[in-house]
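Here is what each chain is made of, one letter per residue.
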Amino acid sequence: MIRSELIQKIADENPHLYQRDVERIVNTVFEEIVDAVASGNRVELRGFGAFSVKKRDARTGRNPRTGESVQVDEKHVPFFKTGKLLRDRLNGNES
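The numbering scheme is per chain: residues are counted from 1 as the chain's sequence reads. Residues qualify for local features only when their pLDDT is at least 70, as the model is predicted, and side-chain atom pairs are given and counted only at 80 or more; totals for whole chains, interfaces and linings, by contrast, use all residues. Side-chain measures were taken over the full set of non-hydrogen atoms in the model, leaving aside hydrogen atoms and water.

Asker: How should I be thinking about the environment of Thr82 in this particular structure?
Answerer: Here Thr82 is to be found in strand S5 (residues 75-82). Considering only alpha carbons, one finds Thr82 and Ala50, 32 residues apart in sequence, at a separation of 6.5 Å. In what follows, residue pairs with any heavy atoms lying within 4.5 Å of each other are defined as contacts. Non-local contacts of Thr82, meaning those with residues more than four positions away in its chain, are made with Phe48, Gly49 and Arg87. Under the DSSP-based scheme used, a helix requires at least four consecutive residues in state H or I and a strand at least two consecutive residues in state E, with every element numbered from the N terminus.

Asker: What is the right way to read helix H2 (residues 19-38) from this model?
Answerer: At 3.6 residues per turn, the α-helix brings residues three or four places apart onto the same side. Along its 20 residues, H2 runs 28 Å from first to last C-alpha, staying within 8% of the 28 Å computed at 1.5 Å per residue. Remark: exposure states derive from per-residue accessible area (1.4 Å probe, protein chains only) relative to the maximum for the residue type, with buried under 20%, exposed over 50%, and partly exposed in between. Among the residues of H2, those classed as buried are Val22, Val26, Asn27, Ile33 and Val37. Mapping the buried residues of H2 onto a view down its axis gives an arc of 125°, with all of them on the same face. Turned more than 90 degrees away from the buried face of H2, the exposed residues are Arg20, Arg24, Glu32 and Ala38. Backbone geometry just downstream of H2 places Gly40 in the positive-phi region, at approximately 90°. Here, expected helix span is obtained from the residue count minus one, scaled by 1.5 Å. The arc in question is formed by the directions pointing from the helix axis toward the C-beta atoms.

Asker: Which parts of the structure should I look at to understand the sheet that holds strand S1 (residues 43-45)?
Answerer: Reading across the sheet, the three strands line up as S1-S2-S5 and stay open at both edges, with antiparallel pairing between neighbours. Whereas interior strands pair on both sides, the edge strands pair on one side only; in this sheet they are S1 and S5. The sheet shows a mean angle of 30° between the axes of neighbouring strands, direction not considered. DSSP-based pairing: two strands are paired if at least 2 bridges between them are found. Relative to S5, strand S2 (residues 49-56) is paired through eight bridges, and the arrangement is antiparallel. Bridged to Lys54 within S5 is Val77. Here the axes come from fitting lines to C-alpha atoms, over the contacting stretch only for helices, and the angles between their N-to-C directions go from 0 to 180 degrees.

Asker: Which parts of the structure should I look at to understand the pattern of salt bridges?
Answerer: When their charged atoms lie close together, side chains carrying opposite charge are able to pair. When a carboxyl oxygen of Asp or Glu lies within 4 Å of a side-chain nitrogen of Lys or Arg, that pair is called a salt bridge. Evaluated as defined, the whole model comprises seven salt bridges. The salt bridge partner of Lys55 is Glu74, with a shortest N-O separation of 3.5 Å. Placement of the pair is Lys55 in strand S2 and Glu74 in the loop between strand S4 (69-72) and S5, with a sequence separation of 19 residues. You can call Glu74 partly exposed: its relative accessible area is 44%. A single network of salt bridges, built from pairs that share partners, joins Arg42, Glu44 and Arg46.

That is the geometry; function is a separate question.
What follows is the structure in structure tokens.
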């Protein structure tokens, strides 16, 4: 599902809301999650999962094309850990 499909589904299920308002709400939620994670905070959505940032230390990598060693800088990467409810649903253990 992409963002526009999510907006359309929410708008269809809530006919009392204008689509532009639903779009603004969805965009605001995503922006807040991105801002929080970019600030180094953890965002937890109970039953769905948690977004956080993990630090990857600098290391020596290898260029796959040439095979030569390359220095890879330290970086921060987004990380998502699924919640119990989502994991259970994926594995067919619906409660």
